[in-house]
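Examination of the molecular architecture
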Amino acid sequence: MKLVIIFGPQAVGKMTVGQELEKITKLKLFHNHMTIELVSPFFSYGTPQGKRLVSLFRQEIFEEVAKSDLPGLIFTFVWAFDLKQDGEYIRQISELFESNGGQVCYVELEADASERLERNKSPHRLLHKPTKRDIAWSERDLLDTMKLYRLNSEPGEIKHEHYIRIDNTHKSPDEVAQLIQERFNL
């Protein structure tokens, strides 16, 4: 089993690359907004209730997939490298899959801020992420988050054996998915 964790800042293309990777592998996509959108009609993701429910649903899915006979999972995540709990979260997920015999692959995406601001408004993104449809709010959130957190790693910071970093500013999602598939033999 393989767990592919695709991480990077908002609107970098994690979900879209994950969708393309799902098409060319036998892995299922579990993008981070699947749980956020499920919970958001009841509780905003920023509330304690929203965070607890999102975390609960994700954990249950991870546990069931890790012990299943599925070939694997693609998970997307915005990892704030200056928040210790984000690193701990990735470690826990990785450990869960590795303890069940799985291989964990880290895919870090990066793109220019101007490109991410354009992608933030794309019809494809808005179709799959209703909570991002307030473009003014979403754009403000993207820019504020860039100021508050470091959403890409420093060179050499990630020492995981199965890791690739891709600048996808000028690459198509299917091109990036091909690179990932080849790198990890998916």
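To be clear, the structure that these remarks concern was listed above.
A brief look at the structure comes next.

Cut-offs and rules
- Residues numbered from 1 in each chain as written.
- Predicted model: local features only at pLDDT ≥ 70, side-chain atom pairs only at ≥ 80, totals over all residues.
- Heavy atoms only, no water.
- 1 Å grid on protein atoms, 1.4 Å probe; cavity = no way out; pocket = protein on both sides within 12 Å on 5 of 7 lines; lining within 4 Å.
- Points joined across faces, edges and corners; volume = space filled by probe spheres on them.
- Helix = DSSP H or I, 4+ residues; strand = E, 2+ residues; numbered from the N terminus.
- Nonpolar A, V, L, I, M, F, W, Y, C, P; charged D, E, K, R; others polar.
- Expected span 1.5 Å × (residues − 1).
- Contact = heavy atoms within 4.5 Å.
- Buried < 20%, exposed > 50% of the residue type's maximum accessible area, 1.4 Å probe, protein only.
- Polar contact = N/O pair within 3.5 Å; in protein donor to acceptor, adjacent residues only side chain to side chain.
- Pairing = 2+ DSSP bridges.
- Axes fitted to C-alpha atoms, helices over the stretch in contact; angles between N-to-C directions.
- Phe/Tyr/Trp six-rings, centres within 6.5 Å; stacked < 30°, edge-to-face > 60°.
- Salt bridge = Lys/Arg side-chain N within 4 Å of Asp/Glu carboxyl O.

In this structure, the largest pocket occupies an estimated 1,100 Å³ of space. Together, 33 residues line the largest pocket, and Ile36, Tyr45, Gly46, Lys51 and Val78 are the ones closest to its centre. With 5 residues, helix α7 (residues 135–148) is the single largest residue contributor to the lining of the largest pocket. Looking at the lining of the largest pocket residue by residue, the class counts come to 13 nonpolar, 10 polar and 10 charged. If you trace the second largest pocket, you find 16 residues lining it, with Val12, Gly13, Thr16, Arg119 and Ser122 closest to the centre. Elements supplying a minimum of two residues to the lining of the second largest pocket: α1 (14–24) and α6 (123–128). No other element matches the 4 residues that α1 contributes to the lining of the second largest pocket. Within the lining of the second largest pocket, the residues separate by chemical class into 5 nonpolar, 6 polar and 5 charged.

With 12 residues, helix α8 (residues 173–184) should cover 16 Å at 1.5 Å per step; its first-to-last C-alpha distance of 17 Å lies within 8% of that length. Looking at the packing, one finds that the buried side of α8 touches β1 (2–7), α1, β4 (103–110) and β5 (163–167). At the exit of α8 stands Asn185, carrying a positive phi of roughly 55°.

When you line up the elements, Asn152 lands in the loop between α7 and β5. The class of Asn152 is buried, set by a relative accessible area of 17%. Only 3.0 Å separates the side chain of Asn152 from the backbone oxygen of Leu109, close enough to count as a polar contact. When residues no more than four places from it in sequence are discounted, the contact partners of Asn152 are Gly8, Pro9, Phe81, Glu108, Leu109, Glu110 and Arg165.

What follows deals with the sheet that holds strand β3 (residues 72–77). Hydrogen bonds along the backbone pair up the strands of a sheet, which may run parallel or antiparallel. Taking strand neighbours across the sheet as the criterion, the 5 strands line up as β2-β3-β1-β4-β5 in an open arrangement whose pairing is parallel. Among the strands making up the open sheet, the edge pair consists of β2 (28–30) and β5. Averaged over neighbouring strand pairs, the angle between their axes works out to 20° when direction is ignored. Of the strand pairs in this sheet, β2 and β3 are connected by 3 bridges, and their pairing is parallel. Paired with Phe30 across the two strands is Phe75, which belongs to β3. On the sheet, α1 packs against β1, β2, β3 and β4 and is oriented at approximately 170° with respect to β3. Lying over the sheet, helix α3 (residues 48–66) contacts β2 and β3, oriented at roughly 155° with respect to β3.

A complete count under the given rule lists 11 aromatic pairs for this structure. For the pair Phe62 and Phe75, a centre-to-centre distance of 4.8 Å together with 90° between the ring planes defines the contact as edge-to-face. Of this pair, Phe62 sits in helix α3 while Phe75 sits in strand β3; the two residues are 13 residues apart in sequence, bridging distant segments of the chain. Of the two residues, Phe62 and Phe75, neither departs from the other in class, the shared state being buried. Their ring planes at 15° and their centres at 4.4 Å tell us that Trp79 and Phe81 sit as a pair that is stacked. With relative accessibility at 9%, the residue Trp79 sits in the buried group. Note on Phe81: relative accessible area 12%, which makes it buried.

Scanning all chains against the criterion turns up 10 salt bridges. Between Lys23 and Glu20 there is a salt bridge whose closest N-O contact spans 3.0 Å. Note that Lys23 and Glu20 are positioned in helix α1 at a spacing of 3 residues, about one turn of the helix. Glu88 is paired through a salt bridge with Arg91; the nearest N and O atoms lie 2.4 Å apart. In this pair, Glu88 and Arg91 are both assigned in helix α4 (residues 84–99), 3 residues apart and thus about one turn of the helix distant. Judged by its relative accessible area of 31%, Glu88 falls in the partly exposed class.

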